[in-house]
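# Understanding the architecture of this molecule
As a plain string of letters, each chain reads:
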Amino acid sequence: DSICSERWQTVTFEQLMEHKTGLPRLAPNMGEIESDVQDPYVEYSVEMLGQDLRSIQPVPGKYSYSHLGYAATHWLFEKVGGMIDFTDKNLGRIIGMPFTKWEYPPSEIATGHGLDGRLQPVWNTNALRPALGLKSTLHDLISFLHVLFDGYESNKRRQDPNALRKELRVLS
């Protein structure tokens, strides 16, 4: 279940995050395996991702935007208790973003629109979840911005939810 073959041993986490692994944007067989073009990633499993990553030759240091690099972090998340637990702890409890999650029922996700203006169904991202799947609320995103702009230690609004409401009233 590991992708740590000889060709991957020199790839670093930083290179994955910065898209400097020379990986293609999507798996070579994407566009051939989907049974539903309205939900193109629903059938792309972690097993398929592993097979694809083992067949691809990374080029450490070469920039190439890739969903596959972020998806490869699946195995790293598994080493720290799993992606959901990692997110709940680090975003939910530490930063104060309890409604930022990898999965929400489709009924709780705002309906998207295509370039043509027509309604589009929710996509299930499965194995590409680390690249495409994190979902959040406006309140959580504002909390995240406060952490970014104020720094973690000085973010007193995180401890006082009313302070955020007051600031938003001032802005409106």
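In what follows, the structure referred to is the one given above.
For clarity, every value in this text was computed on a predicted model and none was experimentally measured. (Residues numbered from 1 in each chain as written. Predicted model: local features only at pLDDT ≥ 70, side-chain atom pairs only at ≥ 80, totals over all residues. Heavy atoms only, no water.)

## Concerning the nonpolar core
In this structure, W8, M30, Y44, L49, L53, L68 and L128 are the most contacted members of the largest nonpolar core, which totals 18 residues. Elements with a contribution of two residues or more to this core: α2 (46–55) and α3 (67–71). Once residues within four sequence positions are removed from consideration, L49 is found in contact with Y44, L68, A71, W75 and A127. (Core = buried A, V, L, I, M, F, W, Y, C linked by side-chain atoms within 4.5 Å. Buried < 20%, exposed > 50% of the residue type's maximum accessible area, 1.4 Å probe, protein only. Helix = DSSP H or I, 4+ residues; strand = E, 2+ residues; numbered from the N terminus. Contact = heavy atoms within 4.5 Å.)

## Here's the deal with the environment of D52
Position of D52 relative to the elements: it lies in helix α2. D52 gets classed as buried once you look at its relative accessible area, which sits at 10%. It is 7.4 Å that separates the C-alpha atoms of D52 and P28, two residues lying 24 residues apart in sequence. When sequence neighbours within four positions are dropped, the list of residues in contact with D52 reads A27, P28, N29 and Y44.

## As for the pattern of salt bridges
In total, this model carries three salt bridges according to the counting rule given. D116 is the salt-bridge partner of R118, the closest N and O atoms lying 2.8 Å from each other. On the accessibility criterion, R118 (58% relative accessible area) is exposed. (Salt bridge = Lys/Arg side-chain N within 4 Å of Asp/Glu carboxyl O.)

## Structural notes on the packing of aromatic side chains
In total, this model carries three aromatic pairs according to the counting rule given. Where Y41 meets W123, the ring centres are 5.4 Å apart and the plane angle is 85°; that geometry is what we call edge-to-face. Taken together, the positions of Y41 in the loop between α1 (13–17) and α2 and W123 in the loop between β2 (119–120) and α6 (129–132) put the pair 82 residues apart, joining distant regions of the chain. By relative accessible area, which is 8% here, Y41 ends up buried. Its relative accessible area of 42% is what places W123 among the partly exposed residues. Ring geometry for F77 and W102: centres 6.5 Å apart, planes at 70°, overall edge-to-face. Here the residue F77 occupies a position in helix α4 (residues 73–79), and W102 occupies one in the loop between α5 (83–95) and β1 (112–113), the gap between them amounting to 25 residues. We note that F77, like W102, is buried. Among the aromatic residues, those joined into a ring-pair cluster are F77, F86 and W102. (Phe/Tyr/Trp six-rings, centres within 6.5 Å; stacked < 30°, edge-to-face > 60°.)

## Comments concerning α2
Where α2 is concerned, the buried positions are L49, G50, D52 and L53. Projected onto a plane normal to the axis of α2, the buried residues spread over an arc of 165° and lie on a single side. The outward face of α2, more than 90 degrees from its buried face, is lined by the exposed residues E47, Q51 and S55. Turning to α2, the residues buried within the fold contact α3 and α4. (Arc of directions from axis to C-beta.)

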